[in-house]
Structures are given as C-alpha cells and as structure tokens.
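In case you want the letters, here they are:
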Amino acid sequence: MSQSIKQNAADTQEGHPLFKFRQGTAPLLVSMPHVGTYAPPDIAARWTDEARHVPDTDWHLERLYDFVVEMGASVLVATHSRYVVDLNRPPDGSSLYPGQSVTGLCPVDTFDDTPIYRDPGDLPGDAEVAARRATFWQPYHDQLAKELARLRAEHGRVLLWDAHSIRSVLPRFFEGKLTDLNLGTGKGSSCDANVAQAVHAIAQEGLAQGYTSVLNGRFTGGYITRHYGKPEQGIHAIQLEMTQSSYMQEVLPFDYLPDTAARIQPLLRRMVQTALDGVMRLG
C-alpha cells in the first residue's frame, strides 16, 4: 500500500513529508496516526538510545491494512514519531484517561516509563510544545478534517477507522495480557451503536482462532475518534487498538510476521467492511 500513497509535496518540514495521503473513492477514511518513525535531527539528538528505536510505534500497519486500498479507502498515514508529537492527543494536552497513567502531547517518557530525553533539563517547554503542535500536529488534522468533509459531501455519510496497535503486555497501562482486538467508540459517542455492535460481533468470531475482543474496554478511542466521530452529522468513527503479537514481533527488531499477520487479516477486513456497510445502510 505504501507505494500507492502519495504525499502532498507542500506539506513538508525540512524536506520531510509531514504525512502521507492517498485519496480514495469509498466513504471510508483510514487514519494511522502512530506509524511514523521519523524525528527531526535536532529533536532526536536529545533522546536516549532506547528512545531512538521508537519502540512505541504502531509498526507495519500500512502493510497489515493493505486491503483497504482495494476497498477504495482514503488513507492518511503519519510519518513522524509519536515522540515528536502525538497526533491522537488533544491539542491542549489534556488527559484522555483522567486518573490513569498516560503519555502526553509531546511525550517525555516511553510506554515502559523510561525517559525519552537524556537530560532532564532538556524536556520540551511550553513554547516548543506549541511549535511542534503547529508544525506537526495541525497539518495532519487539517488533512483529516478536509477529507472527512469531502467524503461526507460526496456520500452523505462516512466511516473513519482509526488504526492502532500496541504491545500485548504493558504493566504501566494494564494488567496481564491485553485483549487482542480493542474496539473504541468513545463509549458510544462516536459511532452508531448498531454499527459498533455489528463490528464487535465480527471481532468475537475471531475467538475461534484465539483472538479476544472487547468494545469500549480498556481503550475507548483517543482524540481522533472522540473529536471527529459525530454520528448525528453522518461521521462515524471507530478506533481499533490491536495487540502487536497478533501480527508482528513485539521486541527489537520489531519484524513483521507474514504468516501470523495473514491469519488475522481476513478478520480485520471483515470488520472494516461490516462497519462501512453498516454506516451506508443508515438512513
């Protein structure tokens, strides 16, 4: 899929694209805000050796979701690491899960709760956070909003599928092993309830293959899902946070496992197709 995604040449910073975007024909936009691995040299130079491996990346989702191109989806893909700026966090830096451990708009620690910056005195201050928000965060969201508006105008309704993955064991955020397929609709606010339930029913069929699933469990959807999902306006948003053990190696070198991925891809495709069909059937 990556070969068919073209960047907007105007959206570059120091010669590096701020995102990749492929415009499709179906009323479906797939967003991948955490797949980026690039960091501007002046930022990466301040990071620890561990952070430079960007271990908290949503690795290989373009490859895993390559089927959405055949479905006619528009696809928006981040290029910069979430350590530069987290595209799925509110612009004001407020917590998505108050009272729980979270990482911020410009994270200073990894999912393993280790420092990203070598020097504690070199953390991004308010001015730098604001600059990163304007430079890296805003263009992605401008493109996302623009494409949602185009698709809704053309089709009347649109599905926003926000694709994520995460290591299956992360004590900082949850106990034990995470459920494999974590569907989130902002606790019901971002998507028609019947559509969400239909998608979850497909996910539950994966139990026969060993895949567990939940709707609005530990992960209920991040900023993108909650902010853009407006069912009453014809925009239905679903986030899928899936375990990386379902398709890849969870430790360095974070390799894609084709045979493992091939087992879950048909289920993923059915989930996305069910969501799209459900949205288009709505009156």
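The rules behind these values
Residues numbered from 1 in each chain as written. Predicted model: local features only at pLDDT ≥ 70, side-chain atom pairs only at ≥ 80, totals over all residues. Heavy atoms only, no water. Helix = DSSP H or I, 4+ residues; strand = E, 2+ residues; numbered from the N terminus. Buried < 20%, exposed > 50% of the residue type's maximum accessible area, 1.4 Å probe, protein only. Core = buried A, V, L, I, M, F, W, Y, C linked by side-chain atoms within 4.5 Å. Contact = heavy atoms within 4.5 Å. Salt bridge = Lys/Arg side-chain N within 4 Å of Asp/Glu carboxyl O. 1 Å grid on protein atoms, 1.4 Å probe; cavity = no way out; pocket = protein on both sides within 12 Å on 5 of 7 lines; lining within 4 Å. Points joined across faces, edges and corners; volume = space filled by probe spheres on them. Nonpolar A, V, L, I, M, F, W, Y, C, P; charged D, E, K, R; others polar.

*Asks:* Would you explain the environment of Gln143 in this entry?
*Replies:* Its location among the elements puts Gln143 in helix H5 (residues 126–155). Residue Gln143 is classed as buried on the basis of its relative accessible area of 10%. Sequence spacing of Gln143 and Thr243 is 100 residues, and the spatial spacing of their C-alpha atoms is 27 Å.

*Asks:* Quick question: what am I supposed to make of the environment of Ala262 here?
*Replies:* Here Ala262 lies in helix H8 (residues 258–281). We classify Ala262 as partly exposed; its relative accessible area is 41%. Separated by 11 residues in sequence, Ala262 and Val251 place their C-alpha atoms 20 Å apart.

*Asks:* What am I meant to see in the nonpolar core here?
*Replies:* Proteins that are soluble and globular tend to have nonpolar side chains buried together. Among the nonpolar cores identified, the biggest contains 87 residues, and Leu28, Trp47, Leu64, Tyr65, Trp161 and Met271 are the most heavily contacted of them. Excluding anything up to four places from it in sequence, Met271 contacts Trp161, Leu181, Leu183, Val199, Ile202, Ala203 and Leu240.

*Asks:* How should the pattern of salt bridges be read in this particular structure?
*Replies:* Oppositely charged side chains may form a pair once their charged atoms are brought near each other. Per the counting criterion, the structure on display carries 16 salt bridges. The closest approach of N and O atoms between Asp56 and Arg167, which form a salt bridge, is 2.9 Å. With Asp56 in the loop between helix H2 (49–52) and helix H3 (61–64) and Arg167 in the loop between strand S6 (158–166) and strand S7 (181–184), this pair connects stretches of sequence that are 111 residues apart. Overall, Asp56 belongs to the buried group, its relative accessible area being 3%. Residues Arg172 and Asp113 are paired through a salt bridge, measuring 3.7 Å at the closest nitrogen-oxygen approach.

*Asks:* I keep staring at empty space enclosed by the protein and nothing clicks. Help me out?
*Replies:* Summary: where empty space remains is shown by rolling a probe the size of a single water molecule over the atoms. If you walk through the whole model with that rule in mind, you get 3 cavities of 30 Å³ or more. Each pocket or cavity is described by its volume, and for the largest cavity that value is around 220 Å³. Forming the walls of the largest cavity are 21 residues, and the residues nearest its centre are Arg82, Arg89, Tyr97, Phe219 and Glu241. By residue number, the principal contributor to the lining of the largest cavity is S6, which donates 3 residues. Here the lining of the largest cavity is built from residues that sort into 7 nonpolar, 9 polar and 5 charged.

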